[in-house]
Amino acid sequence: MKDGDFKEVIQEIKESKVYENPANWEKRGLNPSDAKIITFLTKTTNKFLVELEKIQQSEETNDVKLMSINVLVDDLPWDELDTEEKEFMTDVLAPAIKSIGFDPWDIF
């Protein structure tokens, strides 16, 4: 995988305003969460992407990177979200993990 591909995926996620767009919730058969949760999801996603980029750029082995990604995922504030919000955030973050060569569904 080229570094440019990863950066493109990250940038696309950051610029997508995926949580803010009611149509994205409707596609999932959901009503949008309130503004406070949407802001929380956006900030959490962006923080995750910053940390994932640090992992991707590190000189560590793939095994160490995978372990770091697992910790990063485990440290997400899952308890502050309902099931649908968790699933939505997972679907948003999965392409970023995949873009650095790991199967997100083995991690989530």
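For the structure itself, consult the block above.
Our subject in this report is the structure included herewith. Source: prediction; values computed, not measured. (Residues numbered from 1 in each chain as written. Predicted model: local features only at pLDDT ≥ 70, side-chain atom pairs only at ≥ 80, totals over all residues. Heavy atoms only, no water.)

**Examining the packing of helix H3 (residues 35–57) against helix H5 (residues 83–99)**
Okay, step 1: Axis separation between H3 and H5 bottoms out at 11 Å; the angle between their running directions is 25 degrees. In terms of orientation, H3 lies roughly parallel with respect to H5. The handedness of the crossing between H3 and H5 comes out as right-handed. Two secondary-structure elements touch here, H3 through Ile37, Leu41, Thr44, Thr45, Phe48, Leu49 and Leu52 and H5 through Glu85, Met89, Val92, Leu93, Ala96 and Ile97.
Okay, step 2: Of the residues that constitute the contact of H3 with H5, the class distribution is 10 nonpolar, 2 polar and 1 charged. (Axes fitted to C-alpha atoms, helices over the stretch in contact; angles between N-to-C directions. Helix = DSSP H or I, 4+ residues; strand = E, 2+ residues; numbered from the N terminus. Parallel < 35°, antiparallel > 145°, perpendicular 65-115°, else oblique. Left-handed = near helix turned anticlockwise from the far one by under 90°. Contact = heavy atoms within 4.5 Å. Nonpolar A, V, L, I, M, F, W, Y, C, P; charged D, E, K, R; others polar.)

**Overview of the packing of aromatic side chains**
What characterises a pair of aromatic rings is the spacing of the ring centres plus the angle enclosed by the ring planes.
Okay, step 1: As enumerated under the stated definition, the model contains 4 aromatic pairs in all.
Okay, step 2: Put simply, the rings of Tyr19, Trp25 and Phe88 pair up and form one aromatic cluster. (Phe/Tyr/Trp six-rings, centres within 6.5 Å; stacked < 30°, edge-to-face > 60°.)

**A few points about the nonpolar core**
Okay, step 1: With 28 residues, the main nonpolar core has Tyr19, Phe48, Leu52, Ile69, Met89 and Ile97 as its most contacted residues.
Okay, step 2: Going through the elements one at a time, helix H1 (3–15), H3, helix H4 (62–74) and H5 are the ones with two or more residues in this core.
Okay, step 3: Examining the composition of this core, we find that 7 residues originate from one element, H3, more than from any other. (Core = buried A, V, L, I, M, F, W, Y, C linked by side-chain atoms within 4.5 Å. Buried < 20%, exposed > 50% of the residue type's maximum accessible area, 1.4 Å probe, protein only.)

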